[in-house]
Amino acid sequence: MNEHREESELFLSRLFAKSYRVIKALNSHYLAEMGYHDFKIGHIMVMMNLREEGITAAEISKKVHVSKQAISKLVHELAEKGFLMNLKHPEDLRATLIQTTLAGEQFLAALNDCRLKVDQELSQVIGTEKLDQIRSAMESMLLHYESKAYLDSEGESFANSKL
């Protein structure tokens, strides 16, 4: 009953997981080629959710559904690397605003270049039309399911399940 499935018969959830790992590895490879080593996916989540006027760790935490403590640790690591700076919050003396440095802006530009390279590489493998169809289908699926009541308020019910 527990027969091995061929790649073409994998459950959709496994295809998503394996595809995610491929895209993550390609991004990591291209970032390393540009001199950016030792970046965690969490670092990228933080960097991608910054705002020009600054943002608090609590706001990032809500956006990415990760604990404030984990975000604070990632922010500290990025600040040590020179990609972020912490500024006093003008209205809340208990909070700090997180902003990018010049090095952080350069990293974000490099990350954008990596994403374009990944898209180009995937287009070469499956074709631009299929890649656009995948993107469109995934956007439609996410738009539909992100508003469903059976996803808890943090959107974690799927993330915590073992599919």
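Rules used throughout
Residues numbered from 1 in each chain as written. Predicted model: local features only at pLDDT ≥ 70, side-chain atom pairs only at ≥ 80, totals over all residues. Heavy atoms only, no water. Helix = DSSP H or I, 4+ residues; strand = E, 2+ residues; numbered from the N terminus. Buried < 20%, exposed > 50% of the residue type's maximum accessible area, 1.4 Å probe, protein only. Contact = heavy atoms within 4.5 Å. Areas by Shrake-Rupley, 256 points an atom, 1.4 Å probe, with all protein chains shown as cover. Axes fitted to C-alpha atoms, helices over the stretch in contact; angles between N-to-C directions. Parallel < 35°, antiparallel > 145°, perpendicular 65-115°, else oblique. Patch = residues over 30% accessible without salt bridge, like charges linked within 9 Å, V, L, I, M, F, W, Y side chains within 5 Å. Salt bridge = Lys/Arg side-chain N within 4 Å of Asp/Glu carboxyl O. Expected span 1.5 Å × (residues − 1). Arc of directions from axis to C-beta. Core = buried A, V, L, I, M, F, W, Y, C linked by side-chain atoms within 4.5 Å. Phe/Tyr/Trp six-rings, centres within 6.5 Å; stacked < 30°, edge-to-face > 60°. Lys NZ or Arg CZ within 6 Å of the ring centre and 35° of its normal. pLDDT = per-residue confidence, 0-100.

### Quick notes on the overall build of the protein
Point 1. For the protein, the count of helices and strands is six helices and two strands.
Point 2. For the protein, the α and β elements follow one another from N to C terminus as α-α-α-α-β-β-α-α.
Point 3. Within the protein, the proportion of its 163 residues that are buried is 28%.
Point 4. Summarising the internal contacts of the protein: among those between residues at least 6 apart in sequence, 54% fall at separations of at least 24.
Point 5. Here the protein displays about 11,800 Å² of accessible surface, and carbon together with sulfur accounts for 56% of that area.

### Side note on the packing of helix H2 (residues 41–48) against helix H5 (residues 102–126)
For any two helices packed against each other, the geometry is given by the interaxial angle and the distance between the axes.
Point 1. Contact pair H2 / H5: the axes reach a minimum separation of 11 Å and the direction vectors enclose 110°. Comparing the axis directions of H2 and H5 gives the class roughly perpendicular. Of the residues in H5, those in contact with Ile 44, Met 47 and Met 48 of H2 are Gly 104, Phe 107, Leu 108, Leu 111 and Arg 115.

### Some words on a nonpolar patch on the surface
Point 1. A cluster of nonpolar side chains, Leu 12, Leu 15, Phe 16, Val 125, Ile 126, Ile 134 and Met 138, forms an exposed patch at the surface whose accessible area comes to about 580 Å².
Point 2. When residues of the nonpolar patch are traced back to their parent elements, those giving at least two are helix H1 (12–33), H5 and helix H6 (128–145).
Point 3. Sort the elements by how many residues they give to the nonpolar patch and H1 lands first, with three residues.

### Focus: helix H4 (residues 68–80)
Point 1. Between its first and last C-alpha, H4 extends 18 Å over 13 residues, near the 18 Å set by a 1.5 Å rise per residue.
Point 2. Regarding H4, the residues found buried are Ile 71, Leu 74, Val 75, Glu 77 and Leu 78. Buried residues of H4, viewed axially, fall in a sector of 160°; they line one side. Exposed and oriented more than 90 degrees from the buried face of H4 are Gln 69, Lys 73 and Glu 80.
Point 3. Downstream of H4 by a residue or two, Gly 82 has a phi angle that is positive, lying close to 90°.

### Quick look at the nonpolar core
Within soluble globular proteins, side chains that are nonpolar generally end up buried alongside one another.
Point 1. Val 46, Leu 50, Ile 60, Ile 71, Leu 84, Ile 98 and Phe 107 are the most contacted members of the largest nonpolar core, which has 27 residues in total.
Point 2. If you list the elements that add at least two residues to this core, you get H1, H2, helix H3 (57–64), H4 and H5.
Point 3. Broken down by element, this core gets its largest block of residues, six residues, from H5.
Point 4. When residues no more than four places from it in sequence are discounted, the contact partners of Val 46 are Ile 60, Ile 71, Leu 74, Val 75, Leu 78 and Leu 84.

### A few points about the pattern of salt bridges
Point 1. On inspection of all chains with the given rule, the structure shows eight salt bridges.
Point 2. For Lys 73, the salt bridge goes to Glu 77, with nearest N and O atoms at 3.7 Å. Here Glu 77 and Lys 73 lie together in helix H4, a separation of four residues that amounts to about one turn.
Point 3. Here Glu 77 falls in the buried class, since its relative accessible area comes to 16%.

### Quick look at the packing of aromatic side chains
Point 1. Evaluation of the coordinates by the stated rule reveals six aromatic pairs.
Point 2. A centroid spacing of 6.1 Å and a plane angle of 75° characterise the contact between Tyr 36 and Phe 39, whose relative ring orientation is edge-to-face. There is no split in this pair, since Tyr 36 and Phe 39 are both buried.
Point 3. Taken together, the ring pairs connect Tyr 36, Phe 39, Phe 83 and Phe 107 into an aromatic cluster.
Point 4. Above the plane of the ring of Phe 39 lies Lys 81, whose end atom (NZ or CZ) is 4.5 Å from the centre.

### Quick look at the confidence of the model for the protein
Point 1. The predicted model of the protein has a mean per-residue pLDDT of 87, with 86% of residues at 70 or higher.
Point 2. Across residues 153–163 the pLDDT falls below 50, and counting only partners more than four positions away or on other chains, this stretch makes eight contacts in the model.

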